[in-house]
Amino acid sequence: MAAVKETIDTVASLEKYEHGFTTEIDQEFAPKGLSEDIVRFISAKKDEPEWMLEWRLEAYRRWLELEEPTWAKVDYPKIDYQDTYYYAAPKKKDGPKSLDEVDPELLAVYEKLGIPLKEQAVLAGVEGAPRYAVDAVFDSVSVVTTFKKELAQAGVIFCSMSEAIREHPELVRQYLGSVVPTSDNYFACLNSAVFSDGSFVYVPPGVRCPMELSTYFRINAKDSGQFERTLIIADKGAYVSYLEGCTAPMRDENQLHAAVVELVLLDDAEIKYSTVQNWYPGDPETGKGGIYNFVTKRADCRGDRSKVSWTQVETGSAITWKYPSCVLRGEGSSGEFYSIAVTNGHQQADTGTKMIHLGANTKSRIVAKGISAGKSTSTYRGLVSAHPKAKGARNFTQCDSLLIGKTCAAHTVPYIEARNGQSVFEHEATTTRLSDDQLFYCQQRGLSQEEAVALLVNGFVKDVLQQLPMEFAVEAQKLVAISLEGSVG
Amino acid sequence: MTLATALKTGDLTQLPSRRDEDWRWTDLRGLIRQVPPASPAFDGEVEAGPFDALADDSILFVNGRQRHAATQGAGETIALRFVSTGEGGGHAASYAIVVEPDTTLVLLESHEGKAGGYLSDVTLDIAVGEGARVERIVLVEDDAEAVNVVTAEVDLAPGATFNQTVLTSGARRQRIETRVNHPGAHAQVRLDGAYLLDGQRHADQTTIVTHGGVDGVTSQLTKGMATDQARGVFQGRIVVAPGADQTDARMGHHALILSDKAEIDAKPELLIFADDVSCAHGNTIGALDEDALFYAEQRGIPELEAKAMLTQAFVGEVIERIEHEGAREIAAAWVAARLGRIG
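Residues numbered from 1 in each chain as written. Chains lettered and ligands numbered in written order. Predicted model: local features only at pLDDT ≥ 70, side-chain atom pairs only at ≥ 80, totals over all residues. Heavy atoms only, no water.

## Observations concerning the overall build of chain A
Then step 1. Looking only at helices and strands, one finds twelve helices and 24 strands in chain A.
Then step 2. Put simply, chain A has 489 residues, and 61% of those count as buried.
Then step 3. When contacts within chain A are restricted to residue pairs at least 6 apart in sequence, those whose partners lie at least 24 apart make up 84%.
Then step 4. Accessible surface, chain A: about 19,300 Å² in total, of which carbon and sulfur atoms supply 50%. (Helix = DSSP H or I, 4+ residues; strand = E, 2+ residues; numbered from the N terminus. Buried < 20%, exposed > 50% of the residue type's maximum accessible area, 1.4 Å probe, protein only. Contact = heavy atoms within 4.5 Å. Areas by Shrake-Rupley, 256 points an atom, 1.4 Å probe, with all protein chains shown as cover.)

Structure representation (structure tokens):
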């Protein structure tokens, strides 16, 4: 019976974008638009020290001089940067922040999204089930971070970025902007000026973080943008696995999401960073609405033998512009990038990675799977480069694209730059459609066309799904099926 | 924005630069500080070209000026020569070739640069009629100080076959670009290339194949080697337009780097707007196989000779795909001589 129930649930959830609800919550906003005053307003709201405000203002001034990039294969009307709220936060009461004091309506939102914010609720689950700590970011602020005490016992700092600026200014000053400099690119620069919240993680030397950490981003307010900033530092020999999820309400207007994620790895450290991105993709028929997802993510493997692994499942957003990268500086450091990008309706995704080999004997692996359906466009864009000092560098890249339907497009644009005689680079890419024979075989055995497509697609992306932590993998598999709903026939 | 326009107008801003995405690895604006005067006319004796012995007739350009034209109906094997006498200066030439339906043409093209720096731009328009068959072999031997840009625009009619092999030793900056408008409709395209670069030479092989209709086949194989401080560039783009179903396109680029200061840059692109297609590309860059090298040396072959031998075998795959027997032999001899000189 359980199987039947699951089927019914899956079919029911296939109906639409199920996270598209809005929540009426008492919120406060900064005035619309962007100016030095707004930057000061955000900084003041967060009670930031003077150096932080200066940092933001400098970024803002640099941003005014930069031009919006146009090289990606995405097409969208010009964004009016003055027509957005850069700060929106649920009104909160005074006093220390504990779970009991969080607005029950907010808790209800996360419950509806299936995100456990109550530590007991997590514990009450199946015995032996993996636990994970959550930092919940609602529009511009972090509303709660769970398991902080338990993590602190292990020496791990896991808190919101605003809290880190107040409590751990020495760490923030040392590392913030050291991986993605303020003027790195247009959107990163904008983020540096107006970033509101995000997560901060510091894992001390030799510590293996006792549980998975995760952040859940929710855009709720109308006409607002989300600009979160995440900084994760894994000290010597540390290990941490971090998950990131995101959703937004269904609206006819486009909303901007410009985040920056910086990872710092010292000797022998390891970070595993997984993302399931499910922002509202816009109306599948008309292409109206949806999130513009312009994100800069970069890991700096400073230490020898450090290792970073990016895994991403990109199913949402109207426009995706995202290239999680690895700077492999430390000797023997390695980077991995596993990606599934599913586009349907009118979605456009231009995503990929950069593997920059600077140190000797550095290794990287890229596995990217793109699936396009409907009237969507999916582009893999990547760079693999080895500098003269990166002797013994090794890269393997595989990108495969799957096309479903006559009106979609799939592109592969890899850049390979080899600058020494002792490295080996391999790259292969294919573009095909679902095999008629395989579809026929599945249908002949009693699967509906939709189920057959889901099955074949899941087989196509299996290599990447396997890299996700267990509970995310199940979720992601379902998400891929939902995103492709209605794409055949 | 081309070298030809810059030569004509004297306007340096007409030169492509690193900021132009398609020229990021072949920067002309950063290199050329001033537009040189037009190359002088040359009336002297011109040595025999590399393909003269095979050709029924020849077309000769010297310093951008046409000196000799082929007679109508001269035969199906034509040598097309672009000679730069190397007295400095810049020149541009353009030439159009129309291949009548159901005929065959073997175009043996050579770019011969004598010592001395020069700027040369060559534009070719090749129209291949229905059911016609063309094999274009391009042998580019420029001076180490030269800048040379060769662009060919190839239009194919249904059922046409176009096979091409570009062999180059590079120049100060060099770009051999081929754009093919592929109608599908059982037309077939083979675009191959080989580059062998030493010193500070640079060679860029760029191809753009646009599949506009159903049932088209494209096969590409480029192999290259760079040593010393040389730089090899490969940019291959395959575009499949909406509705160009049953397209079968494969592209391969494989390169060897034999020194720690050499560089290889590659961008194999697929832009696909149709779903019933089979497209793939592969790209590998690395050093010579240590085991193979060890094996050869163990059997008494000196290191340099062993390296040349293995590189020759590596590039050999491209040479073997040349259909015209005489041209294949010349190409093989060119590879051997070039490797002998580099070694």
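## A look at the overall build of chain B
Then step 1. The helix and strand inventory of chain B stands at four helices and 17 strands.
Then step 2. The globule rule puts the C-alpha radius of gyration for 343 residues at 20 Å, and the 20 Å found for chain B is close to it.
Then step 3. Dimensions of chain B along its principal axes, counting C-alpha atoms only, are 55 × 50 × 45 Å.
Then step 4. Total accessible area computed for chain B in this model is approximately 13,300 Å², and 49% of it derives from carbon and sulfur atoms.
Then step 5. Once the 30 positive and 52 negative side-chain charges of chain B are each reduced to a mean point, those two points are 7 Å apart. (Rg over C-alpha atoms; globule rule 2.2 N^0.38 Å. Lys, Arg positive; Asp, Glu negative; His and termini not counted. Charge placed at Lys NZ, Arg CZ, Asp CG, Glu CD.)

## What to know about the interface of chain A and chain B
Then step 1. Taken together, the contact between chain A and chain B spans 32 residues of the former and 33 residues of the latter.
Then step 2. Taken together, both faces of the contact between chain A and chain B bury some 2,600 Å²; the carbon and sulfur share is 46%.
Then step 3. For the chain A face of the interface with chain B, the top three residues by lost area are Lys406, Tyr415 and Ile416 of chain A, together amounting to 19%.
Then step 4. At the surface where chain A touches chain B, the tally comes to six salt bridges.
Then step 5. One salt bridge in this structure joins Glu263 of chain B and Arg419 of chain A, with 3.0 Å as the shortest N-O distance. (Buried area = accessible area lost by both parts, 1.4 Å probe. Salt bridge = Lys/Arg side-chain N within 4 Å of Asp/Glu carboxyl O.)

## Focus on unusual backbone geometry
Then step 1. A positive phi is found at Arg305 of chain A, a non-glycine position, where the angle reads about 55°.
Then step 2. Positive phi outside glycine occurs at Gln246 of chain B, with the angle close to 55°.
Then step 3. For Gln246 of chain B, the location among the structural elements is in the loop between β14 (231-240) and β15 (248-257).
Then step 4. Residue Gln246 of chain B is classed as partly exposed on the basis of its relative accessible area of 42%.

## What to know about the packing of helix α11 (residues 449-465) of chain A against helix α12 (residues 470-483) of chain A
The geometry of a pair of packed helices is captured by two quantities: the angle between their axes and the separation between those axes.
Residue and element names in this part refer to chain A.
Then step 1. Interaxial distance between α11 and α12 falls to 10 Å at its minimum, and their mutual angle equals 140°. Judged by the angle between their axes, α11 and α12 are oblique. Relative to α12, α11 is oriented so that their crossing is right-handed. Along the contact surface, α11 presents Ala454, Val457, Asn458 and Leu465, while α12 presents Ala473, Ala476, Gln477, Val480 and Ala481.
Then step 2. Its residues assigned to classes, the contact of α11 with α12 shows seven nonpolar, two polar and no charged. (Axes fitted to C-alpha atoms, helices over the stretch in contact; angles between N-to-C directions. Parallel < 35°, antiparallel > 145°, perpendicular 65-115°, else oblique. Left-handed = near helix turned anticlockwise from the far one by under 90°. Nonpolar A, V, L, I, M, F, W, Y, C, P; charged D, E, K, R; others polar.)

## Some thoughts on the packing of helix α2 (residues 290-298) of chain B against helix α3 (residues 303-320) of chain B
Residues and elements named next belong to chain B.
Then step 1. Contact geometry for α2 and α3: axes closest at 9 Å, N-to-C directions at 130°. The angle between α2 and α3 falls in the class oblique. Classified by chirality, the crossing of α3 by α2 is right-handed. Only Glu303, Ala306, Lys307 and Leu310 of α3 make contact with α2, whose side of the interface consists of Ala292, Leu293, Ala296 and Glu297.
Then step 2. Split into classes, the residues belonging to the contact of α2 with α3 amount to five nonpolar, no polar and three charged.

## Quick notes on helix α3 (residues 50-65) of chain A
Residues and elements named next belong to chain A.
Then step 1. Over its 16 residues, α3 runs 23 Å from end to end, which matches the ideal 22 Å to within 8%, given 1.5 Å per residue.
Then step 2. Every buried residue of α3 is listed here: Met52, Leu53, Trp55, Arg56, Leu57, Ala59, Tyr60 and Trp63.
Then step 3. Packing partners of the buried residues in α3 comprise α2 (36-45), α7 (161-167), α9 (186-194) and β8 (229-234). (Expected span 1.5 Å × (residues − 1).)

Keep in mind these numbers describe shape, not what the thing actually does.
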